[in-house]
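Next come the chains, spelled out residue by residue.
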Amino acid sequence: MLTAGYVPDSDFKAFKGMIMVNNIIKKRIGAYYSFENGKGSYSENILGATFGINTYLFVYAGLGLEKKSDYDDARYNDGDLRKEAGVGFTPYKFTTATIGWSKGVGFTFTAGINIPLWDKRDKRYTAYNF
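Summarised in this report is the structure supplied together with it. Once a new chain begins, its residue numbering starts again from 1 and follows that chain's sequence as written. Totals for whole chains, interfaces and linings use all residues, but because this is a predicted model, local features are given only for residues with pLDDT of at least 70 and pairs of side-chain atoms are given and counted only at 80 or more. Only hydrogens and water are set aside when side-chain values are computed; all heavy atoms of the structure are taken into account.

Quick look at the environment of Pro8 now. Structurally, the position occupied by Pro8 is in the loop between strand S1 (2-7) and strand S2 (14-25). The contact criterion used throughout is that any non-hydrogen atoms of two residues lie within 4.5 Å. When near neighbours in sequence (up to four residues on either side) are disregarded, Pro8 contacts Lys13, Phe107 and Phe109. Helix numbering and strand numbering both begin at the N terminus, where a helix is a DSSP run of H or I of at least 4 residues and a strand a DSSP run of E of at least 2.

Written out as structure tokens, the structure reads:
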């Protein structure tokens, strides 16, 4: 999955991008990488795991090392871990969306495309198997 979105908190006003590879282990567990770039010198990198609940719904959680920045003395600028969790869904064919939350940043939203890594069609009914 490739998604792009937004961190609406007025202190950050950041672009958010996510790359997810879902359902790799036992068709349930996967991994993701998220990056945020926003106001001032704010930027964040987060690595985490995904867990598929069913065909249309999954959850994700990750950790990222917060970087010191010039713009925000109130935020934990001592290198604390940033924790993020959220839920994602694939509402229609190749579309996907996520809603996440982090104590330090608040809500995040992304939308994008779901690119299957393997063919999900039933091989018994394809033309090349006749």
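There is more to say, and it comes next.
Turning to the packing of aromatic side chains, a few remarks are in order. Planes of paired rings set the category: under 30 degrees apart is stacked, over 60 is edge-to-face and the rest tilted, where pairs are Phe, Tyr or Trp rings (Trp by its six-membered ring) whose centres lie within 6.5 Å. With the rule as written, the count across this model stands at five aromatic pairs. Look at Phe12 and Tyr42: their rings are 4.9 Å apart centre to centre, the planes differ by 50°, and that puts the pair in the tilted class. In this pair, Phe12 is assigned in the loop between S1 and S2 and Tyr42 in the loop between strand S3 (29-37) and strand S4 (43-52), connecting sequence segments 30 residues apart. Summarising the burial analysis for this pair, Phe12 and Tyr42 share the class buried. Taken together, the ring pairs connect Phe15, Tyr33 and Phe35 into an aromatic cluster. Each residue is placed in one exposure class: buried if its accessible area under a 1.4 Å probe, protein chains only, is under 20% of its type's maximum, exposed if it is over 50%, and partly exposed if it falls in between.

A word on the pairing of S2. Both S1 and S2 contribute to a ladder of six bridges, which runs antiparallel. Within S2, the position partnered with Leu2 by the bridge is Ile19. Where S1 folds back on S2, the antiparallel hairpin that results is connected by six residues, among which Lys13 adopts a positive phi of roughly 40°. Pairing between S2 and S3: eight bridges, direction antiparallel. In the strand pairing of S3, Gly17 is matched with Phe35. Count of turn residues in the S2/S3 antiparallel hairpin: three residues, of which Lys26 carries a positive phi of about 55°. Think of it this way: DSSP has to see at least two bridges between two strands before they count as a pair.

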